[in-house]
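Chain residues, written in single-letter form:
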Amino acid sequence: MASADSQPRFGQSVKGLLSDKVGSCSGDVIALTRQVLKGSRSQELLGQAARNMVIQEDAILHSEDSLRKMSIITTHLQYHIVKACVVEHSKNLQDQLTHLLK
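Rules used in this analysis
Residues numbered from 1 in each chain as written. Predicted model: local features only at pLDDT ≥ 70, side-chain atom pairs only at ≥ 80, totals over all residues. Heavy atoms only, no water. UniProt positions renumbered as here; feature names shortened; annotations may be inferred. Helix = DSSP H or I, 4+ residues; strand = E, 2+ residues; numbered from the N terminus. Buried < 20%, exposed > 50% of the residue type's maximum accessible area, 1.4 Å probe, protein only. Areas by Shrake-Rupley, 256 points an atom, 1.4 Å probe, with all protein chains shown as cover. Salt bridge = Lys/Arg side-chain N within 4 Å of Asp/Glu carboxyl O.

- As annotated in an unreviewed UniProt entry, the protein chain is BLOC-1-related complex subunit 7 from Xiphophorus maculatus.
- You can read under Sequence similarities (unreviewed entry) in the UniProt record for the protein chain the words "Belongs to the BORCS7 family."
- Here the protein chain is described in UniProt, under the heading Subcellular location (unreviewed entry), as follows: "Lysosome membrane".

Structure follows, in structure tokens:
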């Protein structure tokens, strides 16, 4: 009967080991799931960072274009100021000549 007594112990021992192994595997699956979720979140954050970078790059390019246009406008206005000064100076000279000729 020794084998009959050892059979239940062996069955319980195997059940215990199996239960421990299932528990261990469950823990591993949970840890793996957490890592996958972290990786997914990291991927989301990297995607968002890339989109933000593109938006910032577009804003920088737009700003550069605006600065270039403002530089052209400034040069144009400076030209008109110089031209206005020359016209004013010519008018003054003409007035002086007219006065001298009288």
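1. Quick notes on the overall build of the protein chain
In step 1: Assigned secondary structure in the protein chain consists of one helix and zero strands.
In step 2: Relative to its 102 residues, the protein chain shows a buried fraction of 0%.
In step 3: On the protein chain, roughly 9500 Å² of surface is accessible, and the fraction owed to carbon and sulfur atoms is 65%.

2. A short note on the pattern of salt bridges
In step 1: Across all of its chains, the model carries four salt bridges by this definition.
In step 2: Linking Arg-68 and Asp-65 is a salt bridge whose minimum nitrogen-to-oxygen distance equals 2.6 Å. Of this pair, Arg-68 and Asp-65 both sit in helix α1 (residues 2-101), separated by three residues, roughly a single helical turn.
In step 3: Its salt-bridge partner being Asp-95, residue Lys-91 comes within 3.7 Å of it at the nearest N-O pair. Of this pair, Lys-91 and Asp-95 both sit in helix α1, four residues apart, which is roughly one turn of that helix.
In step 4: Overall, the relative accessible area of 46% leaves Lys-91 in the partly exposed class.
In step 5: In the salt-bridge network here, residues are joined through shared partners; they are Asp-65, Arg-68 and Lys-69.

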